[in-house]
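Here is what each chain is made of, one letter per residue.
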Amino acid sequence: MTTPAPEDRKDSMAESAGEQAAAAADAKRGPSVATREKRAGLMNPSGETPYLVVEDLTVKFPTADGVVSAVNGLSYSVPLGRTLSIVGESGSGKSVSSMAVMGLHDRKRTQITGSIRLGGDELIGLSENDLMKVRGDAVAMVFQDPQSSLHPLYTIGNQISEAYRVHHKVSKDVAKKRALEMLDLVGIPNPIRRFGQYPHEFSGGMRQRAMIAMGLVNDPKLIIADEPTTALDVTVQAQILDLLNNLQKEFGSAIVLITHDLGVVAEMADDVLVMYAGRCVEYGTAEDVLANPRMPYTWGLLESIPTVSAASEKLRPIKGLPPSLLNLPSGCSFNPRCPYKDRVKGERCTTDLPDLLPVDGAGAHTSRCHLHDKASIYETEVLPRLS
Amino acid sequence: MSDTVRPIDQPAAQGETLLQVRDLKMHFPIKEAHGLGRTKKTVQAVDGVSFDLKAGQSLGLVGESGCGKSTTGRMITRLLTPTSGEINFKGTNIAQLKEKDLRPFRRQLQIVFQDPYSSLNPRQTVSNIISTPLRVHNLVKKGQELTRVQELLERVGLNPEHHNRYPNEFSGGQRQRIGIARALAVEPEVIIADEPVSALDVSIQAQVMNLLEDLRRDLGIAFVFIAHDLGVVRHFCDEVAVMYLGKIVEQGPREQIYGAPQHPYTQALLSAAPDLGTIRGVPAKERIRLVGDVPSPIDPPSGCRFRTRCWKAEDICATQEPKLEGKPQSAPGHAAACHFAEPKVDLVAEIA
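What this report covers is the structure whose coordinates are included nearby. Note that the coordinates shown come from a computational prediction; the quantities given were computed from them, not determined experimentally.

1. Thoughts on the overall build of chain B
Part 1 of the argument: Along chain B, the regular secondary structure elements total eleven helices and eleven strands.
Part 2 of the argument: Taken over the C-alpha trace, chain B has a radius of gyration of 21 Å; the compact-globule value for 352 residues is 20 Å, and the two agree within 12%.
Part 3 of the argument: A principal-axis box enclosing the C-alpha atoms of chain B has dimensions of 70 × 60 × 50 Å.
Part 4 of the argument: Sorting the 352 residues of chain B into buried and exposed places 47% on the buried side.

The following block contains the structure:
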């Protein structure tokens, strides 16, 4: 990493200030909160100090039909240099939660509670002006559709150098030099000619590269990539994923990768968080979640994808549909679709919401399920069906 | 071309060739301002595609966007009139038939579209959507329509009581089922499925895939399955054709295409597909990364169209177009259009 020393110092100061504030808050709120804080600290599967901490995040949209609870009590953390993949189906709240991190929700129409801390600084409750200083500087976002997220009437170069000039007081020439550097870095051939071209003159893959160049122009410490390759072809997708991987190695930034494609997750992620109906249902390192999953929904996802490497006889889809966010089922949100519901004694699945608990009593791999013998069910029933 | 012309409503025997496509071309004319005058150019969306489809078989057309797979599907169902080439359905060439003569064939060749939102009329009830083809082809007596519609809804796994609802009351997966019911209504022998599951979530995708699988098994419908997702195609198709820039570059039985692909493009495509095997089992041994983008179909490269992105390209590739043919070492029915075709294994991660 090439960040100059003063900045590092500033960050560590900010972090310690944040810790102090948190400690003070703990003292005020009493011990029950303190244990929750501790648990959130434990939540990072790698054990490293996290850069982004999202804690107990809830996002609600009041609508004419009622309150849509898009995200319910989501907690996760990402240290620098690691990639967290958030996986889930449409409507599971994965995009909504990361837009909350960027502060992109309309304040008048959204109720956001919980805490989002970036290097120790709380983001929730910041004024629009203060948020502007964070957005695009410390945090960058790469969107799914590069066609609609670039301005069609400005040249690519103009858009990249503007992103730089918003956060740095430099002349246009310096900004242009920086933009050319970035275009070169993300592998766009002939940057000088490309600088003056408009988005429609770029192909889909090139546009996504330009978006990444724009996101990275201020050396962000956190990159949120929302389905960055969904609109691209496989061969181009492979190029973009390689690019993100290499850039992360070079700059050591934290990446939050939102995707529905478990194949992409397997190739990119260090940590994986599975979301269902606005809640985290399983969280752990990629190896934990993909090789030793401990939640019926994750099993269902793995069983329902046809893979390139194995021609399974029959896919085993998850029955039914995801629940409406206006009216979540009582108990575990997955219970109406869960084939293992009968194995839990009594009606706990339909009455009690399971907590997100460590799968083996302790450790960083957590899942939200009442089942007792998750490990043996996976080993004896699910795994044989997968291979 | 098969020798006999048979009545088309007589069902084909299992294994009989239903559809023969020969040298099919679709060139879309475009006008481009060039100085003061205008030059006429063509987008060569599909440029000489040939394949056979047997009764009950399922053929996968795979490729990246712009390779002409959807255009091929639309020509077979004659939503587009091909520039040249033959589409022989049970011995009759339907490539240039007039709309009036085409109608009996429309009943046999149905299509399921990609986007379940835009392919259903939002102002018609489900029952109306499904019964229109029944009425057009005079398949049921008046008064019997509703029974047949409900039967079809049940067949595709929807509640028959919902026949009076509008498409907006259904989820994406359910709408795709309505689209499938509409195609099934006329009891076709061939269904062209144009990316039928790519707009759906994984868990729903598997439900629709299983439905298509059941229909194929129970009703013996032949499928031309168009998709960009190699996993889905591997799951559903016996035979796979890989397309690149308007041409088939490799074709063969599923095991051959996935196990021992010969064309560099197929190899790159398989190698690029992200796969769970990397975590659960042995990662793929070799990785191929293509550079650059697909060239424009307005002015495709001379000779082999893949040569601009190919790591094996030599002089001969620019001058001589490789034929789609079986190589001495290839399995029966497996053909690749490459001067330097050689099988590569280990491109796909194995699940231990």
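2. What about the overall build of chain A?
Part 1 of the argument: The secondary structure content of chain A amounts to 15 helices and twelve strands.
Part 2 of the argument: Out of the 387 residues in chain A, the part that is buried amounts to 47%.
Part 3 of the argument: Long-range contacts, defined as pairs at least 24 residues apart, comprise 65% of the intrachain contacts of chain A with a sequence gap of at least 6.

3. Let's talk about the nonpolar core
Part 1 of the argument: Within the largest apolar cluster, 188 residues are counted, with the highest numbers of intra-cluster contacts made by Ala213 and Val274 of chain A together with Val190, Val224, Phe225 and Val242 of chain B.
Part 2 of the argument: The element that contributes the greatest number of residues to this core is helix 9 (residues 204-216) of chain A, accounting for seven residues.
Part 3 of the argument: Excluding anything up to four places from it in sequence, Val274 of chain A contacts Val87, Gly88, Val281, Glu282, Val289, Met295, Tyr297 and Thr298 of chain A.

4. Structural notes on the sheet that holds strand 1 (residues 50-63) of chain A
Residues and elements named next belong to chain A.
Part 1 of the argument: Read across the sheet, four strands follow the order 2-1-4-5 without closing on themselves; strand pairing throughout is antiparallel. With partners counted over all chains shown, the strands left at the sheet margins are strand 2 (66-79) and strand 5 (121-122), one partner each.
Part 2 of the argument: In this sheet, strand 2 lies alongside strand 1 in antiparallel orientation, the contact comprising ten bridges. Counterpart to Pro62 in the pairing with strand 2 is Val67.
Part 3 of the argument: The strands touched by helix 3 (residues 94-102) within the sheet are strand 1, strand 2 and strand 4 (111-118), with strand 1 carrying the most contacts at an inclination of about 110°.

5. Digging into the sheet that holds strand 7 (residues 190-194) of chain B
Across a sheet, strands are paired by hydrogen bonds formed along the backbone, either parallel or antiparallel in direction.
All names here are of chain B.
Part 1 of the argument: As summarised here, the arrangement of the seven strands in space is 6-7-8-3-9-10-11, forming an open sheet in which the pairing is mixed. Two strands in the sheet have a free side with no partner beyond their single neighbour: strand 6 (109-112) and strand 11 (335-336).
Part 2 of the argument: Two elements, strand 10 (residues 247-253) and strand 11, share two bridges in a ladder whose sense is antiparallel. Its bridge partner being in strand 11, Gln251 is matched across the sheet by Ala335.

6. Thoughts on the interface of chain B and chain A
Part 1 of the argument: At the interface, 37 residues of chain B touch 40 residues of chain A.
Part 2 of the argument: Listed by contribution, the elements that provide at least two residues to the side of chain B that touches chain A are helix 6 (202-219), helix 7 (230-236), helix 8 (254-259), helix 9 (264-272) and helix 10 (277-280) of chain B.
Part 3 of the argument: Here the element with the most residues in the side of chain B that touches chain A is helix 6 of chain B; it accounts for six residues.

7. Remarks on the pairing of strand 1 of chain A
Residues and elements named next belong to chain A.
Part 1 of the argument: In sequence, strand 1 turns back onto strand 2 through a hairpin of two residues.
Part 2 of the argument: The pairing of strand 1 with strand 4 spans seven bridges and is antiparallel. Note on strand 4: the bridge partner recorded for Val54 is Ile116.

8. As for the packing of helix 3 (residues 126-136) of chain B against helix 4 (residues 145-155) of chain B
Residue and element names in this part refer to chain B.
Part 1 of the argument: Two elements in contact, helix 3 and helix 4, have axes separated by 10 Å at closest approach and are oriented at 110°. Classified by the interaxial angle, the pair formed by helix 3 and helix 4 is roughly perpendicular. Classified by chirality, the crossing of helix 4 by helix 3 is right-handed. Residues Ser127, Ile130, Ser131 and Leu134 of helix 3 pack against Glu145, Leu146, Arg148, Val149 and Leu152 of helix 4.
Part 2 of the argument: In terms of residue class, the contact of helix 3 with helix 4 is made up of five nonpolar, two polar and two charged.

9. Side note on helix 1 (residues 69-76) of chain B
Residue and element names in this part refer to chain B.
Part 1 of the argument: With eight of eight residues buried, helix 1 lies mostly within the body of the structure.
Part 2 of the argument: Within helix 1, the full set of buried residues consists of Lys69, Ser70, Thr71, Thr72, Gly73, Arg74, Met75 and Ile76.
Part 3 of the argument: Trailing helix 1 by a residue or two, Arg78 shows a phi angle of about 60°, which is positive.

10. Let's talk about the pairing of strand 7 of chain B
Residue and element names in this part refer to chain B.
Part 1 of the argument: Among the five residues that make up strand 7, five are buried, leaving the element largely enclosed by the rest of the structure.
Part 2 of the argument: Covered by surrounding structure in strand 7 are Val190, Ile192 and Asp194 together with Ile191 and Ala193, the residues of both alternating faces.
Part 3 of the argument: Pairing of strand 6 with strand 7, which is carried by four bridges, proceeds in the parallel orientation. Counted as the bridge partner of Ile111 is Ile192 from strand 7.
Part 4 of the argument: Bridge analysis of strand 7 against strand 8 (residues 222-227) gives five bridges, and the strand direction is parallel.

11. Some points on helix 4 of chain B
All names here are of chain B.
Part 1 of the argument: Within helix 4, burial applies to Val149, Leu152 and Leu153. Angular distribution of buried residues about the axis of helix 4 spans 100°; they occupy a single face of the element. Residues of helix 4 that are exposed and point more than 90 degrees away from the buried face comprise Thr147 and Glu154.
Part 2 of the argument: In the core, the buried residues of helix 4 are packed alongside helix 3 and helix 5 (172-184).
Part 3 of the argument: One or two steps after helix 4, the chain reaches Gly157, where phi turns positive at roughly 80°.

12. Topic: the environment of Gly196 of chain A
All names here are of chain A.
Part 1 of the argument: Mapped onto the fold, Gly196 is located in the loop between helix 8 (191-195) and helix 9.
Part 2 of the argument: By the C-beta count within 10 Å, which is 11 here, Gly196 ends up exposed.
Part 3 of the argument: For the pair Gly196 and Ile160, spaced 36 residues apart in sequence, the C-alpha separation works out to 11 Å.
Part 4 of the argument: If sequence neighbours within four positions are ignored, Gly196 has contacts with Thr155 and Gly157.

13. With respect to the environment of Asp52 of chain B
Part 1 of the argument: Within the secondary structure, Asp52 of chain B is located in strand 2 (residues 37-54).
Part 2 of the argument: Sequence separation between Asp52 of chain B and Phe113 of chain B is 61 residues; the distance between their C-alpha atoms is 22 Å.

14. Observations concerning unusual backbone geometry
Part 1 of the argument: With phi around 50°, Asp219 of chain A is a residue other than glycine that occupies positive phi space.
Part 2 of the argument: Position of Asp219 of chain A relative to the elements: it lies in the loop between helix 9 and strand 7 (222-226).
Part 3 of the argument: At Glu195 of chain B, a residue that is not glycine, the phi angle is positive and equals roughly 50°.
Part 4 of the argument: In this fold, Glu195 of chain B is placed in the loop between strand 7 and helix 6.
Part 5 of the argument: Since 19 C-beta atoms lie within 10 Å of it, Glu195 of chain B is described here as partly exposed.

15. Focus on the environment of Asn246 of chain A
Part 1 of the argument: Summarising the element assignment, Asn246 of chain A is placed in helix 10 (residues 234-251).
Part 2 of the argument: The spacing of Asn246 of chain A and Leu262 of chain A is 16 residues in sequence and 20 Å in space, taken between C-alpha atoms.

Thresholds, definitions, all that
- Residues numbered from 1 in each chain as written.
- Chains lettered and ligands numbered in written order.
- Predicted model: local features only at pLDDT ≥ 70, side-chain atom pairs only at ≥ 80, totals over all residues.
- Helix = DSSP H or I, 4+ residues; strand = E, 2+ residues; numbered from the N terminus.
- Rg over C-alpha atoms; globule rule 2.2 N^0.38 Å.
- Buried ≥ 20, exposed ≤ 12 C-beta atoms within 10 Å, placed from the backbone.
- Contact = placed C-beta atoms within 7 Å.
- Core = buried A, V, L, I, M, F, W, Y, C linked by C-beta atoms within 7 Å.
- Pairing = 2+ DSSP bridges.
- Axes fitted to C-alpha atoms, helices over the stretch in contact; angles between N-to-C directions.
- Parallel < 35°, antiparallel > 145°, perpendicular 65-115°, else oblique.
- Left-handed = near helix turned anticlockwise from the far one by under 90°.
- Nonpolar A, V, L, I, M, F, W, Y, C, P; charged D, E, K, R; others polar.
- Arc of directions from axis to C-beta.

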